[in-house]
Amino acid sequence: MLIISQTDEKRAGEFREIIGYVSLDREFDVIVVGAGPAGSAAAFFLAKGGLDVLLLDKSEFPRDKTCGDALLPRAIEVLKEMDVLAEVETLAQKVSEMEFNDPQGNQFVVTANTKAGYASYLLVIPRLKFDDILRQKALEAGAIFESSCHVMRTEQSADRVVVSAQIGQTPKRFLAKVVLIATGANIGLLRSTGLLKPNAKEPMLAVRAYFENVSGLGDKIQVYFDDHVLPGYGWIFPISKSSANIGIGLKALRSNDADDSLRSALGRFLERPDVKKMLAGANQVGPTKSYPLRADFATALIVSGRVIAIGEAAGMVNPLTGDGIDLAMDSGRIAALFLKKWFAKANPNPVELKQYDRILRNQFQRRFRIFGLCNALVKYPFMFRAIFGLLQKSVKANRFAAELVMSQPILEDA
Ligand SMILES: Cc1cc2nc3c(=O)[nH]c(=O)nc-3n(C[C@H](O)[C@H](O)[C@H](O)COP(=O)(O)OP(=O)(O)OC[C@H]3O[C@@H](n4cnc5c(N)ncnc54)[C@H](O)[C@@H]3O)c2cc1C
């Protein structure tokens, strides 16, 4: 089904014309595959910049995405730029603190206002609502959207890309000068496009469930470095005063029963006395769901000719915390601003598209190296305890950790 924004009368007139264009293989400036935070943010900034954009997703929207639902300050900054922050805030739970608990019951608290100019809070909002708001925003900016459209492959010629998709049983082809792949941890399309290394790192895995009538939530998100979960963590993220997204994750699980072991680890996490107390009068709403996370940006392939990966398709998830919404939105925004300049050239040269890789690495490579190093260190319980001890004693170390987990500029990066 082809959908455009319902809010704009004028666009309704263009609707018939657009159906004609799509079935006639109209050539777009950019086709964005995947309407998650990366794809919708990119489509928004591209359309806002005057480019002709088609956004495709295999799902019908609104659709759920298995997630912890927490938006870090970087995501909030992009929402501001998209002029959609107020709308998101009416549906989100605002929190200003992250509480970290170590296996011995020690705590340290990070406040969100660690860096001037960055939002001083986090938001928690179910992806079912959040992703649809972003997608609508992209449509309002002028992007065209096609749902239930499973993209199977891309083929490049010297001057364009052919995108082959399946809508139900019907094969479809779309044309564009550039394609952005924003398919998250779903690697099928990346593989067929040559954007997945044969030796790519195994993804991590995380699992979550929603609970109502939870007590003791407060103005914070809670993170537990529990012995059952290390080197990952368990979380309790409030989506309202009395309901929460609770999950665990981040182990690199390779076995066939990875999903089962993760679910039983969640079961044990829920049995912790402090968590059990919070859940004494609570009930689970909906199923327990798990999903992989790709956090291999440091070694990922990002550009292949006229095809570019953004968001989690480019491995942009913090391997330490599992946050990827903020990095997805920011990489989509950066790609759109880069492409706007590229299209403005008299004779845009496809070889120059490689520069996007450099721009992204200049901004994020060092950060990912630090994430990777910290992730390797916290695998060893004695290292983890030493680091936790240091964070409690040293103001500078604490600030560094805050900036790291909040995905903000790191100390001298600022
Ligand atoms: C359990 C869990 C908890 C997490 N918690 C957090 C958190 O609290 N905060 C945070 O910041 N991050 C969190 N993350 C990470 C975050 O969910 C992702 O990093 C983020 O969704 C990436 O955004 P994206 O737009 O790149 O991809 P996605 O959000 O995965 O969107 C990809 C889109 O592409 C579509 N698609 C895929 N393949 C195709 C295809 N072939 N054709 C057409 N469409 C396709 C999908 O339908 C989907 O809509 C969590 C992840 C997991 C698994």
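Residues numbered from 1 in each chain as written. Predicted model: local features only at pLDDT ≥ 70, side-chain atom pairs only at ≥ 80, totals over all residues. Heavy atoms only, no water.

## A short note on the site of the ligand
Around the ligand sit 38 residues, and of these D57, G68, A70, R127 and E312 come closest. Residue A70 places a main-chain N or O atom 2.9 Å away from a nitrogen atom belonging to the ligand. One of the backbone nitrogen or oxygen atoms of G324 is found 2.9 Å away from a nitrogen atom of the ligand. Out of a free accessible area of 1,000 Å², the ligand has 96% covered by protein chains. Among the secondary structure elements, those contributing two or more residues to the shell around the ligand are α2 (37-48), β10 (149-156), β15 (233-238), β17 (283-293) and α9 (325-344). Across the shell around the ligand, the residue classes tally to 18 nonpolar, 12 polar and 8 charged. The residue makeup of the shell around the ligand includes at least three contributed by each of domain 1 (2-65 + 129-200 + 296-371) and domain 2 (93-125 + 203-292 + 378-413). (Near = heavy atom within 4 Å. Polar contact = N/O pair within 3.5 Å; in protein donor to acceptor, adjacent residues only side chain to side chain. Areas by Shrake-Rupley, 256 points an atom, 1.4 Å probe, with all protein chains shown as cover. Helix = DSSP H or I, 4+ residues; strand = E, 2+ residues; numbered from the N terminus. Nonpolar A, V, L, I, M, F, W, Y, C, P; charged D, E, K, R; others polar. Domains from an automatic or database assignment.)

## Here we look at the nonpolar core
Formed by 91 residues in total, the largest nonpolar core has its most connected members in I31, L180, M329, L339 and Y356. For this core, the two domains that each supply at least three residues are domain 1 (2-65 + 129-200 + 296-371) and domain 2 (93-125 + 203-292 + 378-413). Core analysis: the next-biggest nonpolar cluster, separate from the first, contains 29 residues, L122, I221, F388 and A401 among them. (Core = buried A, V, L, I, M, F, W, Y, C linked by side-chain atoms within 4.5 Å. Buried < 20%, exposed > 50% of the residue type's maximum accessible area, 1.4 Å probe, protein only.)

Nothing here speaks to function; it is geometry throughout.
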